[in-house]
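# Results of the structural survey
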Amino acid sequence: MPLSKTNATAPKAPGTSVSDKLLRQFIGYRVKRANLLIQDDMAKTLEPFGLRTGTFSTLAVVISSPGISQSELSDVLNIKRSGVVVVVDELERAGVLKRKPVKGDRRTNALTVTAAGRRLWDKVEKAVQDHEKALFNGLAPEEIATLHDLLARATMSPKSDLEKKQ
């Protein structure tokens with residue numbers, strides 16, 4: 001029977017403890033909790049550079065794939081094309097990316113990073129590396145390598161083969 005307002009439980013009694021114990025058995029829940037922590041800290045790391053996670057990710061992909069189209073960027077980052085337009089507009093206004101028309105296809109623009117964008121990337125990449133070192137300082141280098149490997153393998157399921165797309 002689906003949950004509804006009529007079968008909801010009563011409010012907890014004062015003085016009783018609250019726990020997510022049952023949820024902690026699920027990997028997805030733990031990944032979500034870790035992601036929330038990482039994303040919050042990442043936002044604080046990127047803020048002084050005028051970036052957000054989406055603009056940071058876009059800059060990284062364009063640097064590693066010069067000439068990428070907005071459509072390809074949408075596929076790589078798994079975001080809607082309208083979202084890509086907003087992010088690219090923002091980075092173009094900031095002077096870190098530029099669009100160049102693709103010969104023979106008036107509807108497509110090739111994205112490239114500017115010299116200012118490259119300088120920004122060099123600074124922000126170091127800051128994000130430091131952010132990750134601080135967040136994962138309780139893990140040994142071998143454990144971090146194992147975590148990378150486990151996450152890569154976990155994303156290679158038949159439902160979502162993210163690693164193969166790279």
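Preceding this section is the structure that the text describes.
This structure is a prediction, so every number in the text was calculated from the model and none was measured. (Residues numbered from 1 in each chain as written. Predicted model: local features only at pLDDT ≥ 70, side-chain atom pairs only at ≥ 80, totals over all residues. Heavy atoms only, no water.)

### Quick look at the overall build of the protein chain
- Scanning the protein chain from N- to C-terminus turns up 6 helices and 3 strands.
- Each helix (α) and strand (β) of the protein chain, taken in turn from the N terminus, gives the series α-α-β-α-α-β-β-α-α.
- Out of the 166 residues in the protein chain, the part that is buried amounts to 21%.
- For the protein chain, the accessible area works out to roughly 12,400 Å², and carbon and sulfur atoms hold 58% of it. (Helix = DSSP H or I, 4+ residues; strand = E, 2+ residues; numbered from the N terminus. Buried < 20%, exposed > 50% of the residue type's maximum accessible area, 1.4 Å probe, protein only. Areas by Shrake-Rupley, 256 points an atom, 1.4 Å probe, with all protein chains shown as cover.)

### A word on helix α3 (residues 70-77)
- Within α3 the residues assigned to the buried category are Q70, L73 and S74. Here the buried residues of α3 occupy an arc of 105 degrees about the axis, which is enough to place them on one side.
- The elements touched by buried residues of α3 are α2 (53-64), β1 (68-69), α4 (81-93), β2 (97-102) and β3 (105-113).
- Among the residues trailing α3, N78 stands out with phi positive, at a value near 55 degrees. (Arc of directions from axis to C-beta. Contact = heavy atoms within 4.5 Å.)

### A look at the packing of α2 against helix α5 (residues 115-135)
- In contact at an axis separation of 11 Å, α2 and α5 are set at 115 degrees when each is read in the N-to-C sense. Note that α2 runs across α5; the crossing there is left-handed. Where α2 approaches α5, its residues F56, L59, A60 and I63 are matched on the opposing element by G117, R118, L120, W121, V124 and V128.
- For the contact of α2 with α5, the residue count by class is 8 nonpolar, 1 polar and 1 charged. (Axes fitted to C-alpha atoms, helices over the stretch in contact; angles between N-to-C directions. Left-handed = near helix turned anticlockwise from the far one by under 90°. Nonpolar A, V, L, I, M, F, W, Y, C, P; charged D, E, K, R; others polar.)

### Looking at a nonpolar patch on the surface
- Together, L139, I144, L147 and L151 line one region of the surface with nonpolar side chains, adding up to about 280 Å² of accessible area.
- Note that L151 resides in helix α6 (residues 141-154). (Patch = residues over 30% accessible without salt bridge, like charges linked within 9 Å, V, L, I, M, F, W, Y side chains within 5 Å. Salt bridge = Lys/Arg side-chain N within 4 Å of Asp/Glu carboxyl O.)

### Considerations on the packing of aromatic side chains
- Enumeration over the complete set of coordinates arrives at 1 aromatic pair.
- Aromatic side chains F56 and W121 sit 5.2 Å apart centroid to centroid with 25 degrees between the ring planes, which places their arrangement in the stacked category. Residue F56 is located in helix α2, and its partner W121 is located in helix α5; the two are separated by 65 residues in the primary sequence. (Phe/Tyr/Trp six-rings, centres within 6.5 Å; stacked < 30°, edge-to-face > 60°.)

### Description of α5
- Helix length check: α5, at 21 residues, gives a terminal C-alpha distance of 30 Å against a target of 30 Å (1.5 Å per residue), a fit within 8%.
- For α5, the full list of buried residues reads G117, L120, W121, V124, A127, V128 and H131. Looking down the long axis of α5, one finds its buried residues gathered within 145 degrees of arc, a one-sided arrangement. Facing away from the buried side of α5 by over 90 degrees, the exposed positions are A115, R119, K123 and K133. (Expected span 1.5 Å × (residues − 1).)

### Points about the sheet that holds β3
- Read across the sheet, 3 strands follow the order β1-β3-β2 without closing on themselves; strand pairing throughout is antiparallel. In this open sheet, the two edge strands, each paired with only one partner strand, are β1 and β2. (Pairing = 2+ DSSP bridges.)

### Details of the pattern of salt bridges
- All chains considered together, the criterion is met by 9 salt bridges.
- Among the salt bridges present, the one from K44 reaches D40, with a minimum N-O distance of 3.2 Å. Pair noted here: K44 and D40 are both in helix α1 (residues 27-46), with a separation of 4 residues, about one helical turn.
- According to the relative accessible area criterion, K44 is exposed, its value standing at 52%.
- Residue classification places D40 among the partly exposed residues on the basis of a relative accessible area of 44%.
- Linking R99 and E92 is a salt bridge whose minimum nitrogen-to-oxygen distance equals 2.5 Å.
- Members of the salt-bridge network, linked through shared partners, are D20, R24 and R33.

Read these as layout, nothing more, since geometry by itself doesn't imply function.
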